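# Descriptive structure summary
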Amino acid sequence: MCGIVGYVGITPAKDILMEGLAKLEYRGYDSAGIALTDGTDDLQVVHRVGKVAELASVVDSMDLPSCCGIAHTRWATHGRPSEENAHPHRDCNGRIAVVHNGIIENYADLREELKSQGHVFASETDTETVAHLLEQYYEGDLAEAMFKAVDRLQGAYGLAAICADQPDQIVVARKDSPIVVGTDGSASMVASDMVAVMNFTRDVVFLEDGQIAVLSSDGIRYYDAPGHEVHPETTHIDWDEQAAERAGYPDFMLKEIHEQPRVVRDTLAGHLRDGRIVLEDLTLTSEELAAIDRVCIIACGTSYHAGLVARELIEKWARIPTSVEVASEFRYRDPIITSTTLVIAVSQSGETADTLAAVRLAREAGAKVFAVTNCMGSRITRESDGTLYVKANMEISVAATKSFLAQIVCLTLIALFLAQERGRLSEEEIDGLYHELCKTSPQIEKILADTSAIEEAATVLEHAHSAMYVGRGIGATVCNEGALKLKEISYLHAEAYAAGELKHGPIALIDEDVPVVAVVTQSPTREKTISNIEEVLARGAHVIAVATEGDTEITKIAEHVIYIPPIDDSFSAITASVPLQLLARFVAKARGCDVDQPRNLAKSVTVE
Ligand code: AGP
């Protein structure tokens, strides 16, 4: 989730661009850059690692009179945070510059193709392939070149490009990553979200997928095909600045919950090639893979719950004994870790002190440690043998939502990869499972399209003092995270238990004042879970069930049923978690809690 801003008009662009970047910094800030046309054969380009202020400290003292430019603040997805990887990226001749928000899924193939045609790359990023494609197709019209270039791209992109030959023009394109443009008749602006253009104009056009816009000082022209002009409607935005940062959502948590379909797609993208799971960053030799006799997953909090899902899948598919360890306990035990233990450290921030300490302990014991994280360049990436990045973009709400689902997707890919490499799953089985996994993204969109049943169910919890979450197998792992979400943001006590455990003590807690949330989706243990629900019903519990669409039996034993689309049980944690995120949020909002910044919590726990 990077920040893009562009300006072309009759006043110098520099300060306008830097102001726009400053407003986009909440979207990501590991590096930033600016590019301006200056009427000569060259572009003026400045990059800096770090926050926008680092770039401003250089640019402010530079004489950059140009009235046309683009700028970018980066949340790294491909290529570590560095000056070379900072946007804008240029073509071989430095005459075309482009900034990008999104992920080019087929960038590796395009990069090889362009290199074979003589293009020289200066960065590790997916974005730079666009600069060289524009160069490849440029014959005097940047918009035409853009149409040809985006025709080669797979994935999500919001793009803005300038060319030295056309110093009064910015060409923008969009697919799946938002692009907003506006004009006041003497200048035009583009940005990756409203907050950067609001001071310039509130009458904007949100570009549609496949459209290209050509911005100049006297206006904007829109095309949906080369030479075919269209005239999209203008929207007047009356959000305040904070609402604009949240893209109109009432809070970042809801915005990030709604980003999950895209996050799942981005995290999955490019990992199935020629019928095989490809995880280039899991750098284990075939001998090392064959020698693995145990997997140990280390994490804290929500990331620990993602590890619980992974254990189910690694043992099911790869048949490798797998443990999941709370890092703060692991580091003080005398754990059995050897050189044939594969350690996977899961951390959204990559800065969690307990997890980092556990990583050091595991490496000292001779194990290979691979990190699964959302934050490029974070400490865990520097202390592990390798890193697999989830593609959740910056997660601002303290309570993890989209990063959790992205972690599950990444860990699922690892489980499939291990099974593949150990010969436990055939290519046909891998292909089938991967494509079933891909269904979770549109299924999340369906769940998000109608949350009325979830909102109604929340009324059962709103005035409760405690709640019990129960499930079996994958359903039990979902309950762990569901209960944590409720605790974190609504301050309502909740416990998660394997449903089969209730009769061994916890059922003593159950009465009409302790609502029970049961995850009872289609699974081999569904009937057992139904029996457990009947046990709590007999004690007067109010039951909220998460069930599979079409399962009408559940309506007989649950006051509220939240349906999710049918999916292979192996992937149900991804879809069943979404209603529980929303349920926790509805309860928290009803209880007047701040869902983005809950009391006592921090986004990254860098202390013990
Ligand atoms: C997330 O909702 C929680 N606030 C918290 O448990 C978090 O998952 C935990 O602190 C681990 O953080 P990490 O993933 O950045 O290591």
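Notes on the structure in this doc start here. What you see is a predicted model; the values in this text were computed from it and never measured. (Residues numbered from 1 in each chain as written. Predicted model: local features only at pLDDT ≥ 70, side-chain atom pairs only at ≥ 80, totals over all residues. Heavy atoms only, no water.)

Counted according to the given criterion, the structure contains 28 salt bridges. Across the pair Arg 95 and Asp 165 runs a salt bridge whose closest N-O atoms are separated by 1.9 Å. Taken together, the residues span a long stretch of sequence, with Arg 95 in the loop between strand S5 (89-90) and strand S6 (96-104) and Asp 165 in the loop between strand S7 (155-163) and strand S8 (166-175) at a distance of 70 residues. On the accessibility criterion, Asp 165 (37% relative accessible area) is partly exposed. Among the ionic pairs, Arg 152 bridges to Glu 113, the shortest N-O distance being 2.5 Å. On the criterion of sequence distance, the pair formed by Arg 152 in the loop between helix H5 (142-150) and S7 and Glu 113 in helix H3 (residues 107-116) is long-range, its members being 39 residues apart. Given the relative accessible area of 26%, Glu 113 is considered partly exposed. A network of salt bridges, in which partner residues are shared, links Lys 175, Asp 176, Arg 262 and Asp 266. (Salt bridge = Lys/Arg side-chain N within 4 Å of Asp/Glu carboxyl O. Helix = DSSP H or I, 4+ residues; strand = E, 2+ residues; numbered from the N terminus. Buried < 20%, exposed > 50% of the residue type's maximum accessible area, 1.4 Å probe, protein only.)

The tally for this structure, following the rule as stated, stands at three cavities of 30 Å³ or more. A volume near 70 Å³ is recorded for the largest cavity. Sort the elements by how many residues they give to the lining of the largest cavity and S6 lands first, with three residues. A class-by-class count of the residues in the lining of the largest cavity yields three nonpolar, eight polar and two charged. (1 Å grid on protein atoms, 1.4 Å probe; cavity = no way out; pocket = protein on both sides within 12 Å on 5 of 7 lines; lining within 4 Å. Points joined across faces, edges and corners; volume = space filled by probe spheres on them. Nonpolar A, V, L, I, M, F, W, Y, C, P; charged D, E, K, R; others polar.)

At a minimum axis separation of 11 Å, helix H14 (residues 402-421) and helix H15 (residues 427-438) run at an interaxial angle of 175°. Between H14 and H15, the crossing angle belongs to the class labelled roughly antiparallel. Across the interface between the two elements, Thr 412, Leu 413, Leu 416 and Gln 420 from H14 touch Ile 430, Leu 433, Tyr 434 and Leu 437 from H15. Partitioned by chemical class, the residues of the contact of H14 with H15 number six nonpolar, two polar and no charged. (Axes fitted to C-alpha atoms, helices over the stretch in contact; angles between N-to-C directions. Parallel < 35°, antiparallel > 145°, perpendicular 65-115°, else oblique. Contact = heavy atoms within 4.5 Å.)

Burial analysis of strand S26 (residues 543-548) places six of its six residues in the buried class, which makes it a mostly covered element. Every second residue of S26 is oriented toward a common face, with Val 543, Ala 545 and Ala 547 on one face and Ile 544, Val 546 and Thr 548 on the other, all of them buried. Pairing geometry for strand S25 (residues 516-519) and S26, over four bridges, is parallel. Bridged to Val 517 within S26 is Ile 544. (Pairing = 2+ DSSP bridges.)

Spatially, eight strands are ordered S3-S2-S4-S1-S10-S9-S11-S15 in an open sheet, and the strand pairing comes out antiparallel. Both outer strands of the open sheet, strand S3 (43-49) and strand S15 (235-236), are each paired with one neighbouring strand and no more. Contacting strand S2 (31-37), S3 and strand S4 (68-74), helix H2 (residues 52-59) runs over the sheet at an angle of about 135° to S3.

Read from one edge to the other, the open sheet built from five strands follows the order S19-S18-S20-S21-S22, with strand pairing classed as parallel. A single partner strand is all that each edge strand has here, and the edge strands are strand S19 (322-326) and strand S22 (386-389). Sheet twist, expressed as the mean angle between neighbouring strand axes with direction ignored, is 20°. Pairing analysis gives five bridges linking strand S18 (residues 294-299) to S19, with the strands arranged parallel. Residue Ile 297 lies in a different strand from S19, and its bridge partner there is Val 324. Packed on one face of the sheet, helix H10 (residues 301-318) meets S18, S19 and strand S20 (341-347) and runs near 170° to S19. Sheet strands touched by helix H12 (residues 353-364): S18, S20 and strand S21 (368-373). Its angle to S20, the strand with the most contacts, is close to 165°.

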